[in-house]
Amino acid sequence: MVSIDNTVNFREMDTFQSPLLLGFIAALGGYTPNYSPNEAFNYCELGCGSGTTLTASVYPKASFIGIDSNEEDILQAKQHCTLLGLDNIRFYCAELAELAELQALSLPTFQIVAISNTFGHVDGELAQKVLSFAASILQNKGLLYLQYLSYPGQSSLLPLWQLLDKLLGNREAETPLERSSRALQLLARLVKRGIGFLHQQSEALPVILDYISGGKPSDVQVERFLRDVLSRDHFPRFFDEVYDQLTEHGFEFAGCCQFARNDFEIVIPPRQIPTVREMNSVKKRELLKDFVLNTPIRNDVFVKSSPSDPKSASAWVRSNCALMSRQAQAAIQRVIVGAAGQRIPMQGLVFTALIDAADESIANFESIDNWPNEPVRYLRAINRLLASGQFFLCRAGVEANPVFECDVPLLSSYNAWQLARAFESGSATRLLSDKTGGVAILLDAVESLILYIATMEGWRGCGTRVIQELAGARGSQLPKKFRELNTEDVDKLIELLRYGQKAKNLMRLGIVTNGD
């Protein structure tokens, strides 16, 4: 059985901006995207930061535009693109209040507009300007990805952020990054020593731990905490408020980027399911789900000026999407354990057809003859399989790479760069695959350390070097559980990363190739 955890994993949020995933979520909601992930399309991100979340390297036919108000972030983003040789991205520096002026630059219209993190920190007229700009540059049937702070989950976090601001004192006495580093260290001490607030607001703890994992805060953690918490106002919203605002701009809600949230049998306790079903609109159902799940952040997909057409949407998935199992077919669990311990089966002809097709290969749905007879059932089954965490969503028409043995693993320039950054900062890594069209595999800090050393020096002798790094200054950046690893522990981790299932998936997805 596979258990579903409803806790928000902020490291996984980078996966939500994948054009392939956004298209699947729209189709699951009954809306047909107006682009193919394998062909040319235009993608715009508002609040792009330094551009590290953009997946332009795995969509060479597409054109990406990133917009941010921070000049340093834009400069850094341009430097990253030059370093990686990416020529399908342009960046613009603009304040949110001045977005309308960008239209004078003859921006193209877009099939996808992504607003990540930014919308939760603006309110009133400025929020309306952001949505108006998004609507003005988005094509009809285009997709809007919107990440925003949500009630009621933020109710347990805002008082803590306000406490930190009060305890830190004078803002003028230090740089913003110094203040952020000091805030994270204070937050870590509060959590370690215990405060009654967190005992009563335990749902806030996973969010906090995501910021303070490790020993000394890394540069990545410091920058992220400054960006997300210290340098901005916070404006959580109820889902119905966002829904009404977007309806005014011609948008329809399609679904959530977390697969499990689109299947209320998984995330809603059985006793509450009848209540959810009683709600006579998607607006009320989603609002109720937020209170049942105590949602702190939403990651939603909306569609502009598009009629619902489930059959056409299902045909889009059949032509553009595929599945790949994360493990051998014999190891796939056919039962999900839901939020309240309920057992949810993945049985029947539809599930069997999908699982059989994805065994040791990438299942292209065109080969499933019965699909046209039950198009909606197939989409819901695919979503449940993805929610189980046992499958990758892939692009149609690609094949899994063979598994091989090598002494020196090789990564693409983008993934090698990400891995080097993780090595320097002692942080986790998000690795991209062109087969999944975005972030495919997450490595924790020690896995990142191991794989980086292996790519530089080979697997032979890797363990000795890892132990040296853990015992040195770099180890001080890592969580205590990693610093205490001994030689035997490290050798086991190396064995798994070289020969285990994650290693096989790194190879099958083309993330790791043979460097011998």
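Look up a bit, the structure's there.
To keep things clear, this report deals only with the structure shown in the data block. (Residues numbered from 1 in each chain as written. Predicted model: local features only at pLDDT ≥ 70, side-chain atom pairs only at ≥ 80, totals over all residues. Heavy atoms only, no water.)

**Concerning the overall build of the protein chain**
Thinking step 1. When its secondary structure is counted, the protein chain shows 22 helices and 17 strands.
Thinking step 2. Relative to a compact globule of 516 residues, whose C-alpha radius of gyration would be 24 Å, the protein chain shows 23 Å and is just as compact.
Thinking step 3. Seen through its principal axes, the protein chain has C-alpha atoms that stretch 60 × 55 × 50 Å.
Thinking step 4. Here the protein chain holds 516 residues, and the buried ones make up 53% of them.
Thinking step 5. Contacts in the protein chain between residues at least 24 apart in sequence constitute 77% of all its contacts with a sequence separation of at least 6.
Thinking step 6. Within the structure as shown, the protein chain displays about 22,300 Å² of accessible surface, and the carbon and sulfur contribution to it stands at 49%. (Helix = DSSP H or I, 4+ residues; strand = E, 2+ residues; numbered from the N terminus. Rg over C-alpha atoms; globule rule 2.2 N^0.38 Å. Buried < 20%, exposed > 50% of the residue type's maximum accessible area, 1.4 Å probe, protein only. Contact = heavy atoms within 4.5 Å. Areas by Shrake-Rupley, 256 points an atom, 1.4 Å probe, with all protein chains shown as cover.)

**Regarding the environment of Val-222**
Thinking step 1. Within the fold, Val-222 resides in helix 9 (residues 219-230).
Thinking step 2. Overall, Val-222 belongs to the buried group, its relative accessible area being 7%.
Thinking step 3. It is 5.4 Å that separates the C-alpha atoms of Val-222 and Ser-181, two residues lying 41 residues apart in sequence.
Thinking step 4. When near neighbours in sequence (up to four residues on either side) are disregarded, Val-222 contacts Leu-177, Ser-180, Ser-181, Leu-184 and Pro-217.

**Some words on the pattern of salt bridges**
Thinking step 1. In the structure shown here, the tally under the stated rule is 22 salt bridges.
Thinking step 2. A salt bridge links Asp-244 to Lys-283, with the shortest nitrogen-to-oxygen separation between them at 3.0 Å. Here Asp-244 is found in helix 10 (residues 239-248), whereas its partner Lys-283 is found in helix 13 (residues 282-293), with 39 residues between them in sequence.
Thinking step 3. With a relative accessible area of 26%, Lys-283 lands in the partly exposed category.
Thinking step 4. Within this structure, Arg-261, Glu-286, Lys-289, Asp-290, Arg-298 and Asp-300 form a network of salt bridges that share partners. (Salt bridge = Lys/Arg side-chain N within 4 Å of Asp/Glu carboxyl O.)

**Description of the packing of helix 14 (residues 310-320) against helix 16 (residues 375-387)**
Thinking step 1. The interhelical angle for the contact between helix 14 and helix 16, taken along N-to-C directions, is 55°, at an axis separation of 9 Å. Accordingly, the angle class assigned to the pair helix 14 and helix 16 is oblique. Viewed along their axes, helix 14 and helix 16 form a crossing whose handedness is left-handed. Facing helix 14, whose interface residues are Pro-310, Lys-311, Ser-314 and Val-317, helix 16 presents Pro-375, Val-376, Leu-379 and Ile-382.
Thinking step 2. Of the residues contributing to the contact of helix 14 with helix 16, the split by class is 6 nonpolar, 1 polar and 1 charged. (Axes fitted to C-alpha atoms, helices over the stretch in contact; angles between N-to-C directions. Parallel < 35°, antiparallel > 145°, perpendicular 65-115°, else oblique. Left-handed = near helix turned anticlockwise from the far one by under 90°. Nonpolar A, V, L, I, M, F, W, Y, C, P; charged D, E, K, R; others polar.)

**Some words on the side chain of Gln-111**
Thinking step 1. If you trace the backbone, Gln-111 turns up in strand 5 (residues 110-115).
Thinking step 2. Within the structure, the side chain of Gln-111 is placed 2.7 Å from the backbone nitrogen of Asn-42, a separation counted as a polar contact.
Thinking step 3. Sequence-distant contacts of Gln-111, defined by excluding residues within four places in its chain, comprise Asn-34, Tyr-35, Phe-41, Asn-42, Leu-138, Gln-139, Gly-142 and Leu-143. (Polar contact = N/O pair within 3.5 Å; in protein donor to acceptor, adjacent residues only side chain to side chain.)

**Things to note about helix 15 (residues 349-357)**
Thinking step 1. Of the positions making up helix 15, those classed as buried are Val-350, Phe-351, Leu-354 and Ile-355. End-on view of helix 15: buried residues confined to an arc of 120°, all on one side of the axis.
Thinking step 2. Where the residues of helix 15 are buried, they touch strand 9 (321-325), strand 11 (343-345), helix 16 and strand 13 (391-395). (Arc of directions from axis to C-beta.)

**With respect to the nonpolar core**
Thinking step 1. Counting 70 residues, the largest nonpolar core has Val-317, Leu-323 and Leu-354 as its most contacted members.
Thinking step 2. Excluding residues within four positions of it along the chain, Leu-354 makes contact with Leu-323, Phe-365, Ile-368, Trp-371, Tyr-378, Ala-381, Ile-382 and Leu-385.
Thinking step 3. In terms of nonpolar packing, the next biggest core, distinct from the first, is built from 37 residues, Leu-431, Leu-443, Ala-445 and Leu-478 among them. (Core = buried A, V, L, I, M, F, W, Y, C linked by side-chain atoms within 4.5 Å.)

**So, the packing of helix 6 (residues 176-193) against helix 8 (residues 205-212)**
Thinking step 1. It is at 10 Å that the axes of helix 6 and helix 8 come closest, and there the two elements cross at 130°. What the angle tells us is that helix 6 and helix 8 run oblique. In this structure, helix 6 meets helix 8 at a crossing whose hand is left-handed. On helix 8, the residues that touch Leu-184, Leu-187, Ala-188 and Val-191 of helix 6 are Leu-205, Ile-208, Leu-209, Tyr-211 and Ile-212.
Thinking step 2. Here the contact of helix 6 with helix 8 is composed, by residue class, of 9 nonpolar, no polar and no charged.

Remember that the coordinates give geometry; whether it matters functionally is a separate question.
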